[in-house]
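# Observations on chain architecture
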Amino acid sequence: MILGNARLATMRPGDAPYGLVDRGAVVVEGERIAWAGPEADLPDGTASLPRQDLGGRLVTPALIDCHTHVVFGGQRAREFEMRLGGASYEEVARAGGGIVSTVAATRAASEDALVAAALPRIDQMLAEGVGTLEIKSGYGLDIDTELRMLRAARRIGRERNVHVVTSFLGAHATPPEYKGRDDAYLATQVLPALRAAHAEGLVDAVDGFCEGIAFSPAQIETVFKEAKALGLPVKLHAEQLSNLGGAKLAARYGALSADHLEYLDDAGAQAMAAAGTVAVILPGAFYTLRETQAPPIAALRDAGVEMAVATDCNPGSAPMTSLTLAMNMACTLFRLTPEEALAGSTRIAARALGLSDRGMIATGLRADLAVWQAEEPAELSYRIGATPLHARIIGGRADG
């Protein structure tokens, strides 16, 4: 099949801005891109292929949301209302809010209920051009529920035309029944759950939350050691609220990514650059929590750290399903360029998930494409609350 009469933002590095090709075409064979370039240069032998005229529309790689917590039970709108009314974190927690409420609701939900609750959020993401989605566990905080969350994530990848990558996040928080016994929780729940998830084929990567309100670098390292023993890549929530050196730890373990990074220092940025660890920028949480310290974007650029952008979709600090809104926020709040934001939601987001077969429009890669009612690639970051998606083509197959 030939997708012709298109404006291609191939996102290939080293080309023109956005890898832009005017009057371009893409040749699709099965699930793969067989050729992409100016339509005038179509290879010999393609004239007989079926052709779809895209009417001059913009075509990009399908978007990749590389950091989400989209599977969970319940909601926390009341907590949002309380915070706006001036309630402190402690007051919210005493009223039954915070992560404890999400853990309780998630533990009470069946696998079917978790899938049913997540699918409307997933559908909103797909309607904005997402073709690959990372989903974390981390709201069960016991063996059974962590596995149930991961099974639900795998099911979503079967029930929708989207590729799901799972991350085990047992080291997200210490549940109430282990209060003050973080090490015991890691030893008796997190590590056994990780082994069980790996044995069942439920986990693609291992994540953790390295922060004063969560786990220390030394505690996270015990989880990373287990991940490495199982042959699993790692990533880390790091330097969101303070600088504990989590990014340097992640880099030392060759992490795919370190995420949030508001309090990252130059040494952490240099360590990430040397390790090839991607910085995942999450403006939704920054916005929702009304933070004032932004990630050090200039330092990351200067160090040569590649930056991805994601929604961080979760019930507490980032109840958002719009990756294009995250791109807009990354530009407006953090001063990424629109090209950086689109690369961060395609090519670099793929790297943050360890995927080398997508994120660009190039020969041999998956035919995961988004067709937009847009002329300029910058429109995807420029628009607020209006997603000009015309069609998704995932693995060479159009929705509908």
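Scroll up to find the structure this text is about.
Let us look at the structure shown here.

Thresholds, definitions, all that
Residues numbered from 1 in each chain as written. Predicted model: local features only at pLDDT ≥ 70, side-chain atom pairs only at ≥ 80, totals over all residues. Heavy atoms only, no water. Pairing = 2+ DSSP bridges. Helix = DSSP H or I, 4+ residues; strand = E, 2+ residues; numbered from the N terminus. Axes fitted to C-alpha atoms, helices over the stretch in contact; angles between N-to-C directions. Contact = heavy atoms within 4.5 Å. Disulfide = S-S within 2.5 Å. Buried < 20%, exposed > 50% of the residue type's maximum accessible area, 1.4 Å probe, protein only. Phe/Tyr/Trp six-rings, centres within 6.5 Å; stacked < 30°, edge-to-face > 60°. Lys NZ or Arg CZ within 6 Å of the ring centre and 35° of its normal.

### Structural notes on the pairing of strand β2 (residues 20–29)
Strand direction decides the pairing type here: strand β1 (residues 2–9) and β2, joined by five bridges, are antiparallel. Of the residues in β2, the one forming a bridge with L3 is V26. Where β2 lies against strand β3 (residues 32–38), six bridges are found, and the strand directions are antiparallel. Across the sheet, G24 pairs through a bridge with P38, a residue of β3.

### Some thoughts on the sheet that holds strand β12 (residues 278–281)
Strands sit in the order β6-β7-β8-β9-β10-β11-β12-β13 across an open sheet of eight strands; the sheet is parallel. In this open sheet, the two strands that pair with only one neighbour each are β6 (63–65) and β13 (307–309). Geometrically, the sheet is characterised by an average inter-axis angle of 25° between neighbouring strands, direction not taken into account. Of the pairings in the sheet, the one linking β6 to strand β7 (residues 130–136) comprises three bridges and is parallel in character. Across the sheet, the residue bridging to L63 is V130, located in β7. Taken strand by strand, helix α6 (residues 182–199) contacts β8 (163–171) and β9 (205–210), and its axis lies near 160° from that of β8.

### Digging into the environment of A171
Examined against the element boundaries, A171 turns out to sit in strand β8. Through-space distance from the C-alpha of A171 to that of T10 is 37 Å; in sequence the pair is 161 residues apart. Not counting residues within four places of it along the chain, the set of residues in contact with A171 comprises L186, V190, G208, F209, F215, I220 and V223.

### Some remarks on the state of the cysteines
Applying the stated criterion across every chain, the model contains zero disulfides. Counting only cysteine sulfurs, C66 is the nearest neighbor of C331, a cysteine outside any disulfide, at a range of 15 Å. Taking the relative accessible area as the measure of exposure, C331 reaches 13% and is therefore buried.

### Topic: the packing of aromatic side chains
Across all of its chains, the model carries five aromatic pairs by this definition. Judged by centre distance (4.9 Å) and plane angle (75°), the rings of F286 and F334 are edge-to-face. With F286 in helix α10 (residues 283–288) and F334 in helix α12 (residues 323–334), this pair connects stretches of sequence that are 48 residues apart. Residue classification places F286 among the buried positions, given a relative accessible area of 10%. The lysine or arginine in question, R121, covers the ring of F72, its NZ or CZ lying 3.8 Å from the ring centre.

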